[in-house]
Amino acid sequence: MMLATPSAGVIERTRGAVRRSAVRGQLQAIAAGKSQSLTFDLDSAALDVAALVRQATVGHRPGSVAHQRLAAAFQRSGIADVVVDRLAAADALQRIRSAQLAGALGLAHAVPWITPLLSAQEPAVRDAASRALGRIGGTASAEALLRAIRRDRPTRTLIVALARAAPDLFLETALCSPKRAGTRAPVVIAAGLRGRRASVSPLLAVLASGNRRERAAACRALGWIKAEIALPTVAASLGDRDWKVRMSAIKALTRLGPDAYMFEIEALRNDPEPRVRRTGRIATHRFFNKAARPWKWEWR
Amino acid sequence: MRPENHLGPREVLTGSGRPAEGPALRQHPESGRPPYHEMTNRVAVLERAAVLFALPEGVLRSLARRVRRLTVASGEMIVCQGDPGDTIFFIEQGRCRVVIERPPSVVTVAVLTDGDVFGEGPWLLKRSQQASVYAQTDCTLLAVDRQSMQLVLGRDRTVIENLTRVAEHRFRTFADTTVQAAWGTQFKEAAVVGVYSPKGGSGGTCLSLNLVGSLARRYPGQVLLLDLDFPYTHAALLAGLVPTTCLARLVQVPPDAFEEALLSAVLYHSGGPMILAGSLRPEEAEEVTPELVTRTIGVLRKTFRYIVIDLGVTISDTTLALLDLTQHIVLVAAPELSAVKSAADAIDILLRLGTPQDRLSVVLNNRSVKPAVTRSAVERMLSRGVDIEVAFDYSRPDQAAVNGEILSLTNPRSEITKGAEALADHLDAFHVKDPSTRSAAGRPDHS
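The shown structure was predicted, so the numbers you read here are calculated from the model rather than taken from an experiment. Throughout this document, residue positions are counted from 1 along each chain, in the order its sequence is written. Lettering of chains starts at A and numbering of ligands starts at 1, both following the order in which they are written. With the structure being a predicted model, the display of local features is reserved for residues of pLDDT at least 70 and the display and counting of side-chain atom pairs for 80 or more, all residues being used for whole-chain, interface and lining totals.

Draft legend 1. Representation of the overall build of chain B. Across its full length, chain B holds 17 helices and 17 strands. To assign burial, the other C-beta atoms lying within 10 Å of each residue's own C-beta are counted, with C-beta atoms placed from the backbone; 20 or more indicates buried, 12 or fewer indicates exposed, and intermediate counts indicate partly exposed. Counting every position in chain B, which comprises 447 residues, the buried fraction comes to 44%. Here a helix means four or more residues in a row that DSSP labels H or I, a strand means two or more in a row labelled E, and each is numbered from the N terminus.

Now the structure itself:
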């Protein structure tokens, strides 16, 4: 009787899994402060070191001791320098992996080398670079992302990365700056995603004086922040001349607590714009379903 | 039905719920490396911070290159309590107020000024922001983010340890202060109300006396008037009482006997209010120091429900210390051009000192049948509304003074009485949290 020999692909996958497991163990030991040595082959195709680093630091805040230990171990072993070197490599995959690893480790000194990747030709490289800058954070990263938003079309990844990277009062000052008027709408979205209450006042100012895109974005952002203080201003936007602003105001009020302005939202079911009518209908249904639930349970 | 607009501490403190009209926050433009004089300024600011005092100049310069310079308009929120944070702020110029919101009260735990640091807690202690920080004046700040600090100071553990120690100490101090302030509310310590009239002859003393009368009818034996209208303190005389001792003469009393001596100096009026004279002779006014006043208020707060202080006209060190201790300030203005101008200046000063808008009440005391300056003109000049207007009361206040009576205790039809009652209602709305207590005290009839 002959035994079936496993194919080369299976063996290679198994080897890769063993290698990943070994490196994961090393990284976890370093993060826990039990070890300082780090030995692995950065060129191994099976190893996604950035993902392993992220796994090892799950539950730790950026800048935590675990992050610092890992970053120090990578610096000591010389791998961090190789990572920075490869950010300028010709191979797109190497640049992507290096950017991912620099982001996962929070290598702040790599920011000047990651920044040019934001204007790379390959979308995957641009994406990896913006995510890396978002993870590293700080003023330099946020400035680079803001420049990229101004230069290119603002993408979802760039805005999310900006929201992650921006230090305190960075987005707020950007909102108040007349020189950055062109990037205000994406910055408003980023401020909403970031969710700091210090942004409420600048967002209210944008809602009062911005163009239609900015006003619509400001409504959504105030809803995400759950700024109760903005309730009257957002409710006043239900009567805005632009339908997108009205629709955003309904959505924001849904998050802020629609019960107070239910009559105003219901009134928009007769809005000339069908999308506003639909949003108003959904908001009303949501509210009444929520209000009706205890009653239904009682009857069951 | 629309809900009431929930006011956060920012609105409570600054009274500004509306968005800023101009750019409230501004980042100074930077192009690559900052110029030499800019670097020198930044290094000077960082050097002033006690925690960075021991850093070598090279490290300071490296840090100075990475800071962001921000301008924050007065009243703007810089840091919000409960938010995560990643930036340390150094105050280059201006004053910031650190506030902890602990319902039902908002406690100011510190006022920071040039060279002070804040925002270090979340980074070093891994907690969310313990307090909110508001710009009390237009401020220039240097902001250093976590990444820059780690990059520059990553290898210098000493500075990080020093910063952590400062952050822990500050955290404990703020927590203690908040707890103590909350205890004050819980244990129903007295509300301290300062009555200030920026111009003599506006009727500040008369209103203080009648306010005390109104409050004393509601809370008999629990209301005290502390007369600090220096150098001539006449409240006791106007109430028909003859003081034999005063606050100024308690300076020499040893600490263990202070409380007893202080309470024995209080004069009891037959209608309910109590009066403590600040000084008996003009030259004794200088004996009343900020320390003495602070100690006195500390003792009196445990004994009474309301302490009304007649602050008089001058702003001295003692007045400033008292302003810090008051929970409410009543500003008395007469509808005369000079009095209104003085009142506008006084309001500006009080707001600059950090008096919350809602804890400052303006009383317009008419001294003639048809005043030359109308109420609307007064409100325009003060840039705020008049909370209570007292109509002209003819010769009743003068007659009451001659008879040694307090109008709010003897004459319910008097305009002064009506004004004092309205003011007492206004104060009760703020300082009597339990409505049952308020209704139980009731508003006695004048029959």
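On we go.
Draft legend 2. How the structure looks around the overall build of chain A. A count of helical and extended segments in chain A gives 17 helices and zero strands. Looking at chain A residue by residue over its 300 residues, the buried ones come to 48%.

Draft legend 3. Main features of the interface of chain B and chain A. Throughout, a pair of residues is in contact if the C-beta atoms placed from their backbones lie within 7 Å. Contact with chain B, which involves 33 residues of that partner, is made by 28 residues of chain A. Secondary structure elements with two or more residues in the side of chain B that touches chain A: strand S1 (25-27), strand S2 (68-72), strand S3 (77-79), strand S9 (139-145) and helix H5 (146-153) of chain B. Of all the elements, H5 of chain B adds the most residues to the side of chain B that touches chain A, at five residues. Only Asp, Glu, Lys and Arg are considered charged, only Ala, Val, Leu, Ile, Met, Phe, Trp, Tyr, Cys and Pro nonpolar, and every remaining residue, Gly among them, polar. A breakdown of the residues in the side of chain B that touches chain A according to their chemical character gives 13 nonpolar, eleven polar and nine charged.

Draft legend 4. The nonpolar core, seen in detail. Residues of type Ala, Val, Leu, Ile, Met, Phe, Trp, Tyr and Cys that are buried and joined through C-beta atoms within 7 Å form what is called a nonpolar core. Membership of the largest hydrophobic core comes to 136 residues, with the highest contact counts inside it found for Leu70, Ile114, Leu145, Leu162, Val188 and Leu222 of chain A together with Ile78 of chain B. With 73 residues, the next largest nonpolar core counts Ala191, Leu300, Leu407 and Leu427 of chain B among its residues.

Draft legend 5. Layout of the pairing of strand S5 (residues 96-102) of chain B. Residue and element names in this part refer to chain B. Most of S5 is tucked away: five of the seven residues are buried. Relative to strand S8 (residues 132-135), S5 runs antiparallel, the two being bridged by four bridges. Bridge pairing in S8 links Val99 to Ser132. Each pair of strands is called paired provided DSSP finds at least two bridges between the two strands.

Draft legend 6. Fine view of helix H3 (residues 57-66) of chain B. Residue and element names in this part refer to chain B. Along H3, the residues that are buried comprise Leu60, Leu63, Ala64 and Arg66. Axial view of H3: buried residues confined to an arc of 160°, hence all on one face. Facing away from the buried side of H3 by more than 90 degrees, the exposed set consists of Glu57 and Gly58. The elements touched by buried residues of H3 are helix H2 (36-48), S9 and H5. The arc in question is formed by the directions pointing from the helix axis toward the C-beta atoms.

Draft legend 7. Main features of the sheet that holds strand S17 (residues 388-390) of chain B. Residues and elements named next belong to chain B. Read from one edge to the other, the open sheet built from eight strands follows the order S12-S13-S11-S14-S10-S15-S16-S17, with strand pairing classed as mixed. Whereas interior strands pair on both sides, the edge strands pair on one side only; in this sheet they are strand S12 (267-268) and S17. With five bridges connecting them, strand S15 (residues 328-333) and strand S16 (residues 360-365) associate as parallel partners. Along S16, the bridge assignment pairs Leu331 with Val362.

Draft legend 8. Structural context of the pairing of S9 of chain B. All names here are of chain B. Counting buried positions along S9 gives six out of seven residues, so the element sits mostly inside the fold. Two strands pair when backbone bridges link them, and strand S4 (residues 87-93) and S9 are joined in this way by six bridges, in the antiparallel orientation. In the sheet register, Ile91 faces S9, and the bridge partner there is Leu141.

Draft legend 9. Unusual backbone geometry, seen in detail. Look at the link from Phe230 of chain B to Pro231 of chain B: it is a cis peptide, with omega at 0°. Structurally, Pro231 of chain B is set in the loop between strand S11 (223-227) and helix H8 (235-238). Phi at Leu169 of chain A takes a positive value of approximately 65°, unusual for a residue other than glycine. As for its placement among the helices and strands, Leu169 of chain A is situated in the loop between helix H9 (156-165) and helix H10 (170-176). One non-glycine residue with positive phi stands out, namely Lys226 of chain A, at about 60°.

Draft legend 10. Region of interest: helix H15 (residues 243-256) of chain A. All names here are of chain A. Under the convention used throughout, the expected extent of a helix is 1.5 Å for every residue step, that is, one less than its residue count. Between the first and last C-alpha of H15 there are 20 Å, a value that for 14 residues agrees with the 20 Å anticipated at 1.5 Å per step. Of all 14 residues that make up H15, ten are buried, and the element is covered over most of its length. Listed as buried for H15 are Val245, Arg246, Met247, Ser248, Ala249, Ile250, Lys251, Ala252, Leu253 and Leu256. Looking one or two residues past H15, Gly257 carries a phi angle of roughly 125°, positive in sign.

Draft legend 11. Expanded view of the environment of Ile91 of chain B. Residue and element names in this part refer to chain B. Here Ile91 lies in strand S4. Judged by the 25 C-beta atoms lying within 10 Å of it, Ile91 falls in the buried class. Those residues in contact with Ile91 that lie beyond four places of it in its chain are Cys96, Leu112, Thr113, Asp114, Gly115, Asp116, Cys139 and Leu141.

Draft legend 12. Inspection of the confidence of the model for chain A at higher detail. For every residue, the predictor assigns a confidence score, pLDDT, that lies between 0 and 100. The predicted model of chain A has a mean per-residue pLDDT of 85, with 93% of residues at 70 or higher. Here residues 294-300 of chain A is modelled with pLDDT under 50, and outside its nearest four sequence neighbours on either side it reaches zero contacts, counting other chains as well.

Draft legend 13. Representation of the packing of helix H7 (residues 123-136) of chain A against helix H8 (residues 139-151) of chain A. Residue and element names in this part refer to chain A. The convention used is that axes are lines fitted to C-alpha atoms, helices contributing only their stretch in contact, and that angles between N-to-C directions extend from 0 to 180 degrees. Between H7 and H8, the shortest axis-to-axis distance is 8 Å and the interhelical angle comes to 145°. Between H7 and H8 lies a crossing whose hand is left-handed. Residue-level contacts link Ser130, Leu133 and Ile136 of H7 to Ser141, Ala144 and Leu145 of H8. Of the residues contributing to the contact of H7 with H8, the split by class is four nonpolar, two polar and no charged. Crossings are assigned a handedness: left-handed for a near helix turned anticlockwise from the far helix by less than a right angle, right-handed for a clockwise turn.

Draft legend 14. Representation of the environment of Ala218 of chain A in the model. Residues and elements named next belong to chain A. Checked against the element boundaries, Ala218 lands in helix H13 (residues 212-225). Here Ala218 falls in the buried class, since 35 other C-beta atoms lie within 10 Å of it. Sequence spacing of Ala218 and Val187 is 31 residues, and the spatial spacing of their C-alpha atoms is 9.6 Å. Beyond its immediate sequence surroundings of up to four residues, Ala218 is in contact with Val188, Leu203, Val206, Leu207 and Gly210.

Draft legend 15. Region of the structure containing the environment of Ile347 of chain B. All names here are of chain B. Note on placement: Ile347 falls in helix H12 (residues 337-352). Judged by C-beta crowding, with 22 C-beta atoms within 10 Å, Ile347 ranks as buried. It is 9.6 Å that separates the C-alpha atoms of Ile347 and Gln357, two residues lying ten residues apart in sequence. Ignoring anything within four residues of it in the chain, the contact list for Ile347 reads Leu331, Leu382 and Arg384.

Draft legend 16. The arrangement of the confidence of the model for chain B in detail. Residue and element names in this part refer to chain B. Of the residues in chain B, 87% reach a pLDDT of 70 or more, and the chain-wide mean stands at 81. Ignoring residues within four places in sequence, the model shows residues 1-21, a span with pLDDT below 50, making 40 contacts including any to other chains. Within the model, pLDDT remains below 50 along residues 439-447, and this stretch shows five contacts once partners closer than five positions in the same chain are excluded.

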